[in-house]
Amino acid sequence: MKKMLTNKSVNRRQFLKAAGAAIVLPTILPSSVLGRDGNTPPSGKINLGVIGMGWQGPGNTQSFLAESDCQVVAACDIDAGHLQDALNMVNDHYQTKDCKGYHDYHELLAREDIDAVMIAVPDNWHALVATEAARRKKDIYGEKPLAKTIAEQQAIVKAVEKNKIIWQTGSWQRSQAPFHKAAEIVRNGLIGDLTRVEVGLPAGFADFSGEGKEALNKLAALPDKISDLSKVTPGTPAWNLLATDPPAALDYNTWIGPAKMEPYIAARLHKNWRWNYNTGGGQLLDWIGHHCDIAHWGMDCDNSGPSEIEGQGEFPAPDALWNTCTKYRIELKYPKNITMVIAGGHGDIRSGTKWIGTEGWVWVDRGGFDASNADWKKGKNLPDELRKVKLYESRGHQRNFLDCIKSRQPTITPVQTAHHSAIPGHLGLISMRVGRKISWDVKSEKIHGDSEASKWLTRTYRTPWHLA
Ligand SMILES: NC(=O)c1ccc[n+]([C@@H]2O[C@H](COP(=O)([O-])OP(=O)(O)OC[C@H]3O[C@@H](n4cnc5c(N)ncnc54)[C@H](O)[C@@H]3O)[C@@H](O)[C@H]2O)c1
């Protein structure tokens, strides 16, 4: 006998299951039946799939495992070792064998019992995975920067908005009290009129995977002593020594995905993909979604951005193993004549975010907070009488995502915020590449009168990958 489902007991998954069994399922379900009209939130546990379980993926997943209204039911990675570690982590936590592993994210996303996904694949893959997840109507916790190019970011924004899904970006600093307090100081006008914002990011490279050191150890056998992977270029004995077959556990063709096929070299794979523009965006794009995201929060620029961008940087040879910008300084003009400086490797710009106004300043970084007024340094929050403008408060970044899945309200870092937070980094890199100032139309999201610069807004995908 068919079980009757009451309104109360029907959640999104039960509905889909019951509908699938009893009636012909329409191709497109109205958002209201999925609890997406803001009135009928899904009840019960949120079933989560996790995609990309290298470094940040497991960290995010640990936070979701700690939330009792969320169940991690599936994990996906194209490195069999990473996938097995992920399954062990999840199944050990629940003391079951229920979390299912996937090599192909399409298969995970096709599961109708999955409500939401956490995506922590390298930047090269953000747009393809996120747009497919949105098409499948999964709510998404997606990593920063939103995507590898501005055009890919636009595709994600469009897919998220069209499918009315909840989006949270991995820009978790917004869920931390010191960043919240600093942004509120600025938004409440306590530093007077804002004139200048300084965003200090790291420079150079960091050998996150340890494979950089391994590579240098290997190169020590050569007569030319090489101490820097940004000096290793194709066709040299050093390059030939480092290029090997990919490990059997890794699906290297898919890992390269839409990027240009390149020989496998372990020092630019997991974690260190950031240091090659084929797959990443260097320190600038790695950090833009953190400190520039916070800068924008204080500036009230979550839906706007700069109109003029001029950057100067130092770059290794374009075909070097690690080829991303090693030192950079970008000056950006914002509305109300506010200047932003984004810099890496310049001693006058301190790491973190500093807002300077006509009557004071405030600076914040991970583990650091300072201000022109000593009173603002006291306490976790500003005193209530100073908080005429109260910024969004979250109880924790992953927690906020789960709350918003239920309430269908925007998260603390929705997709438009992520889009606008990363744009200054993308445009800064473009300006450095073409070697001149560029003008940006915030509304149409186009570069004015510079066809060479405009080409960098997008990239060509390797066959057979394409963005729908
Ligand atoms: N919010 C933060 O503080 C923070 C910190 C670190 C990284 N990140 C972001 O997280 C993302 C991942 O970075 P990471 O350092 O963890 O990289 P990583 O290389 O350590 O891990 C990426 C994982 O994705 C897998 N992968 C690659 N392509 C895939 C595909 N098509 N399908 C399934 N799995 C695939 C890889 O095998 C690897 O296991 C990046 O966007 C990065 O910017 C955010």
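Please refer to the structure placed before this passage.
Residues numbered from 1 in each chain as written. Predicted model: local features only at pLDDT ≥ 70, side-chain atom pairs only at ≥ 80, totals over all residues.

Draft legend 1. Representation of the pairing of strand 10 (residues 338-344) within the structure. In this structure, strand 7 (residues 194-201) lies alongside strand 10, joined through six bridges in parallel fashion. Each residue of the ladder has a partner; that of Val 197, found in strand 10, is Met 340. Pairing of strand 9 (residues 327-334) with strand 10, which is carried by seven bridges, proceeds in the antiparallel orientation. Bridged to Lys 333 within strand 10 is Thr 339. What sits between the antiparallel neighbours strand 9 and strand 10 is a turn of three residues, in which Lys 336 has the positive phi angle 65°. (Pairing = 2+ DSSP bridges. Helix = DSSP H or I, 4+ residues; strand = E, 2+ residues; numbered from the N terminus.)

Draft legend 2. Broad picture of the site of the ligand. Taken together, the neighbourhood of the ligand is formed by 29 residues, with Gly 52, Gly 54, Trp 55, Gln 56 and Gly 170 sitting nearest. By residue class, the composition of the shell around the ligand is 13 nonpolar, nine polar and seven charged. Both domains that meet at the shell around the ligand, namely domain 1 (12-173) and domain 3 (211-267), each give it at least three residues. (Near = placed C-beta within 6 Å. Nonpolar A, V, L, I, M, F, W, Y, C, P; charged D, E, K, R; others polar. Domains from an automatic or database assignment.)

Draft legend 3. Broad picture of the environment of Trp 255. Looking at where Trp 255 falls in the secondary structure, it is placed in helix 10 (residues 252-256). Residues Trp 255 and Gly 298, spaced 43 residues apart in sequence, show a C-alpha to C-alpha distance of 37 Å. When neighbours within four sequence positions are excluded, Trp 255 is seen to be in contact with Ile 78 and Leu 250. (Contact = placed C-beta atoms within 7 Å.)

Draft legend 4. Seen up close, the nonpolar core. Grouped together as the largest cluster of nonpolar side chains are 98 residues, with contacts concentrated most on Leu 48, Ile 51, Ile 119, Ile 140, Ile 156 and Val 362. Per element, the largest residue contribution to this core is nine residues, and it comes from helix 11 (residues 282-299). Structurally, this core is a two-domain feature, drawing no fewer than three residues from each of domain 1 (12-173) and domain 2 (174-205 + 281-392 + 423-455). Look past the residues within four positions of Ile 119 in its chain and what remains in contact with it is Ile 51, Gly 52, Val 129, Ala 130, Ala 133, Ile 140, Gly 142 and Glu 143. Counting residues in hydrophobic clusters, the runner-up holds 14 residues, among them Ala 215, Ala 238, Ala 267 and Trp 322. (Core = buried A, V, L, I, M, F, W, Y, C linked by C-beta atoms within 7 Å. Buried ≥ 20, exposed ≤ 12 C-beta atoms within 10 Å, placed from the backbone.)

Draft legend 5. Spotlight on helix 11. Between its first and last C-alpha atoms helix 11 spans 25 Å; for 18 residues at 1.5 Å apiece the expected length is 26 Å, and the two agree. Helix geometry: helix 11 is bent most strongly at Ile 288, by close to 55°. Count one or two residues on from helix 11 and you reach Asp 300, which has phi positive near 60°. (Expected span 1.5 Å × (residues − 1). Bend = angle between axes of the 7 residues up to and from the residue.)

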